[in-house]
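Here is what each chain is made of, one letter per residue.
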Amino acid sequence: MPNLLVYVQRGIKRKIQVNFLNLKEIPDFLVVSPGGCGSVNLIKYLENFGKCNLYFERNYRIFGLGHVYKPTNFHFRNKVKVIIIKRDFEDIYNSMKTRGFIRNTLNVFGDTLPFMYMNILKDQRKLKKKYFRYLEKFYFNWKKYNQELVLELEYPKLYQDFDCRIKIKNFLGIKDDAFLKNFPKFERYKKDKNFIDPSTILMRDIYNLK
């Protein structure tokens, strides 16, 4: 139980981080998703076209900027453009479960007891139901933001549909035609024994972890 208390502290810290978010610079735009929506490749590509998620994570060590579960005063005050990535809840849950991210992601959503149905009561049905509630709240919260500053995209459609690329280009005001030509292609993760999650690789790079 003492080790599990770390998650309580993380959940509280996350709530404080989100409620009082105040970046030292104004982003050109941000990509936001609850996780499990293929956002890593998009974020890595879009950093070539403006100050977005990785710029702030690298320079200011701000963790989880792409998973902020609601628009903050900072977003409203600075009229930050936001790309929201959506996906079927079942697919999101299965993606996070197979990657072992359920408990940590609940923490990122501000849950202070993410271990309740995993380590104590061990009820997968209630765990899934709880996770879905957080997903519903995540997208509901972002509906409260100025929709003129929001572009909603569906995964994996955003990598497969050329029209989605056009929408991103126009929404961000990107003039470079190479944006469309070099846009990343859709690829499913090959989860064999040598698989390392792309988000894990990215975090190791940002925080110089081995």
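Just so it is clear, the structure is predicted and the values come from calculations on it, not from any experiment.

So, how was this worked out
- Residues numbered from 1 in each chain as written.
- Predicted model: local features only at pLDDT ≥ 70, side-chain atom pairs only at ≥ 80, totals over all residues.
- Heavy atoms only, no water.
- Pairing = 2+ DSSP bridges.
- Helix = DSSP H or I, 4+ residues; strand = E, 2+ residues; numbered from the N terminus.
- Axes fitted to C-alpha atoms, helices over the stretch in contact; angles between N-to-C directions.
- Buried < 20%, exposed > 50% of the residue type's maximum accessible area, 1.4 Å probe, protein only.
- Lys, Arg positive; Asp, Glu negative; His and termini not counted.
- Salt bridge = Lys/Arg side-chain N within 4 Å of Asp/Glu carboxyl O.
- Contact = heavy atoms within 4.5 Å.
- Parallel < 35°, antiparallel > 145°, perpendicular 65-115°, else oblique.
- Left-handed = near helix turned anticlockwise from the far one by under 90°.
- Nonpolar A, V, L, I, M, F, W, Y, C, P; charged D, E, K, R; others polar.
- Patch = residues over 30% accessible without salt bridge, like charges linked within 9 Å, V, L, I, M, F, W, Y side chains within 5 Å.
- Areas by Shrake-Rupley, 256 points an atom, 1.4 Å probe, with all protein chains shown as cover.
- Core = buried A, V, L, I, M, F, W, Y, C linked by side-chain atoms within 4.5 Å.

## Quick notes on the sheet that holds strand S2 (residues 82-86)
Move 1: In space, the three strands of this open sheet follow the order S1-S2-S3, with parallel pairing throughout. The strands lining the two open edges of the sheet, one partner per strand, are strand S1 (30-32) and strand S3 (150-154). The average angle at which neighbouring strand axes cross in this sheet is 25°, direction not considered.
Move 2: Of the pairings in the sheet, the one linking S2 to S3 comprises five bridges and is parallel in character.

## Observations concerning the side chain of Arg165
Move 1: Locating Arg165 in the fold gives a position in helix H10 (residues 162-172).
Move 2: Buried and without a salt bridge, Arg165 has Asp161 as its closest oppositely charged side chain, separated by 7.6 Å.
Move 3: Once residues within four sequence positions are removed from consideration, Arg165 is found in contact with Leu158, Tyr159, Phe179, Leu180 and Phe183.

## Concerning the packing of helix H5 (residues 89-98) against helix H8 (residues 124-142)
A pair of packed helices is captured by two measures, namely the crossing angle of their axes and the spacing between those axes.
Move 1: Following both chains from N to C, one finds H5 and H8 inclined at 120°, their axes separated by 10 Å at the closest point. Taken as axis vectors, H5 and H8 run oblique relative to one another. In terms of crossing hand, the pair formed by H5 and H8 is right-handed. Packed against H5, whose contacting residues are Phe89, Glu90, Ile92, Tyr93, Met96 and Lys97, the element H8 presents Gln124, Leu127, Lys128, Tyr131, Phe132, Leu135, Glu136 and Tyr139 at the interface.
Move 2: Of the residues in the contact of H5 with H8, the class split is nine nonpolar, one polar and four charged.

## Here's the deal with a nonpolar patch on the surface
Move 1: On the surface, Ile12, Ile16 and Phe20 cluster together to form a nonpolar patch covering roughly 330 Å² of accessible area.
Move 2: Mapped onto the fold, Ile12 is located in helix H1 (residues 5-19).

## Overview of the nonpolar core
Move 1: If you look at the biggest cluster of nonpolar residues, it comprises 56 residues, and the most contacted ones within it are Leu42, Leu46, Ile83, Tyr131, Leu158 and Ile168.
Move 2: The element contributing the most residues to this core is H8, with seven residues.
Move 3: When neighbours within four sequence positions are excluded, Leu158 is seen to be in contact with Leu42, Ile85, Leu153, Cys164, Arg165 and Phe183.

Just geometry here; none of it tells us what the structure is for.
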